[in-house]
Amino acid sequence: MRRSGRTTLSALVVVGMLGASAVGTAAQEPISIDAASAAITIDGDASDWADVPGTALTLEQLDLSLLPPEQAGDIDFGPIEPIEVQFKVANDADNIYMLVEVPTDYDYNVDDHNLSPALAVQAKVVPEASTHMGSEEADLFISTGMVDIWHWELDCGPGELSGGGASAEGRVAGGDDEPCNMDDEYSTTPEMREDDGGGDEPNDAAENSLLGSWSHSAADIGGDGTWVFEMARPLSTGDPQDASWEAGGTAELVLAWWDPNETEEGWTDAGHLTNSYDGWVTVNLN
C-alpha cells in the first residue's frame, strides 16, 4: 500500500546520495570487495554474472531526527523499510561493470518515472569527498570535494539500452541522457546536483559514456521478484567530473534506491534508501 508524503525543502539537503551517516550515526565496519575479471554484456540479463561473487548491502532512509533542525527544515517523506540488495562488480582492461539486484515487486510506469524505481551509483572524484554528496556531517552545506553520480530514472523500458554510451557515437557531450534519463552527474554538496558540464563548473570535456539495461524476474505489475540493473562505463573517460579508475586500482562507491511505493505520487528526492551508513564501499579492481 502506498503512503502519502512530501518534501517541502525542495530536496535541498537530502537529494541525491545523502545517507544517515551524514548526521553522525556510528560508523560501521568498512566494506571492501574484489571485482571479478570479466567483460559483461549489458542487456538486462544477469546470467553472465553467475560466477561473480556478490556482496549484500543494506540500504535505508535518512533518520530526520538526527539532522540539525536548521538543516532539516520542514522535510517529510513516506517511510520505506530498509532493503538488502546484491552488488557485483567486474572489470576488464578498459571498462568497469556493475550489477545491482533489488528484491522487490515490479512497479513500472512508462508515463511517469516517479512511479517506477530509480537507482544511482555515487563515486569519489577526489579522495577527501564524503559519502553525502561531498560534504561533512558537521555542515552539509560545506563541500569536502566532488563526487560522480550515475543517476538513472527509468524512461526507457526493460532490455533497452540507456545512457550516453547507447548512442551510435558511443559517447555524448555533456552528462545528459535525454532519451532514457541515465545521466552522468556531479555534486559537491547536497544542495546541488548537475549534469556533467552544467552548473558553475566549466568543463569542455564533459561527456556521458554510461551504459545500462534493466529487467525484472516477474515483469507483471505487482509481480514478486527481483530487479536487475546492469551498468558499464570506461574506467577512465577524460571527464574531470567523472571518477577515474585504472586496472589494479580501487573505486569507492555508494548506492541509492528510490522506491515508487513511497507515496501515492511515487518516490520523492529525499526519501531514497542508501548504504551511506556503511561509508564508501571500496572495490579492488583487477
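Residues numbered from 1 in each chain as written. Predicted model: local features only at pLDDT ≥ 70, side-chain atom pairs only at ≥ 80, totals over all residues. Heavy atoms only, no water.

1. Quick look at the environment of Thr250
Put simply, the rule is: Each helix is a run of DSSP H or I of at least 4 residues and each strand a run of E of at least 2, with the numbering of both proceeding from the N terminus. With a 1.4 Å probe rolled over the protein chains alone, any residue whose accessible area is under 20% of its type maximum counts as buried; one over 50% counts as exposed, and the rest are partly exposed. Contacts between residues were defined by any pair of non-hydrogen atoms, one from each residue, lying within 4.5 Å.
If you trace the backbone, Thr250 turns up in strand β16 (residues 250-258). Judged by relative accessible area, Thr250 falls into the partly exposed class, the value being 44%. Expressed as a C-alpha distance, the spacing of Thr250 and Ile33, which sit 217 residues apart in the sequence, is 9.8 Å. Setting aside its immediate chain neighbours within four residues, Thr250 contacts Trp245, Thr282, Val283, Asn284 and Leu285.

2. A short note on the pattern of salt bridges
The line we're drawing: We count a salt bridge whenever a side-chain nitrogen from Lys or Arg sits within 4 Å of a carboxyl oxygen from Asp or Glu.
Counted by the stated rule, this structure contains 4 salt bridges. Across the pair Glu252 and Lys124 runs a salt bridge whose closest N-O atoms are separated by 3.3 Å. Pair noted here: Glu252 is in strand β16 and Lys124 is in strand β6 (residues 118-124), with a separation of 128 residues, a long-range link. As a salt-bridge pair, Glu207 and Arg171 come within 3.5 Å of each other at their nearest N and O atoms. Of this pair, Glu207 sits in strand β13 (residues 207-208) while Arg171 sits in the loop between β9 (147-153) and β10 (172-173), and the two are 36 residues apart along the sequence. On the accessibility criterion, Glu207 (7% relative accessible area) is buried. Relative accessible area serves as the criterion here: at 40%, Arg171 is assigned to the partly exposed category.

3. As for the side chain of Asn91
Here Asn91 is to be found in strand β4 (residues 83-91). Non-local contacts of Asn91, meaning those with residues more than four positions away in its chain, are made with Ala35, Ala36, Ser37, Ala38, Ile96, Tyr97, Ala247, Leu285 and Asn286.

4. Let's talk about the nonpolar core
For the record, the criterion: The nonpolar core is taken to be a set of buried Ala, Val, Leu, Ile, Met, Phe, Trp, Tyr and Cys residues, with the residues joined through side-chain atoms within 4.5 Å.
In this structure, Met98, Phe229 and Trp245 are the most contacted members of the largest nonpolar core, which totals 39 residues. Setting aside residues no more than four positions away along its own chain, Trp245 makes contact with Ile96, Met98, Ala123, Trp150, Arg233, Leu235, Ser236, Thr250, Ala251, Leu253 and Leu285.

5. Concerning unusual backbone geometry
A positive phi angle, near 60°, is found at Met133, a position not held by glycine. Residue position: Met133 is located in the loop between β6 and β7 (135-136). Among the residues examined, Met133 registers a relative accessible area of 0% and is labelled buried. Notably, Asn181 is not glycine yet its phi reads approximately 70°, a positive angle. Mapped onto the elements of the fold, Asn181 is located in the loop between β10 and β11 (182-187). Take Asn181: its relative accessible area is 13%, and that puts it in the buried class.

These values are about where atoms sit, not about what they do.
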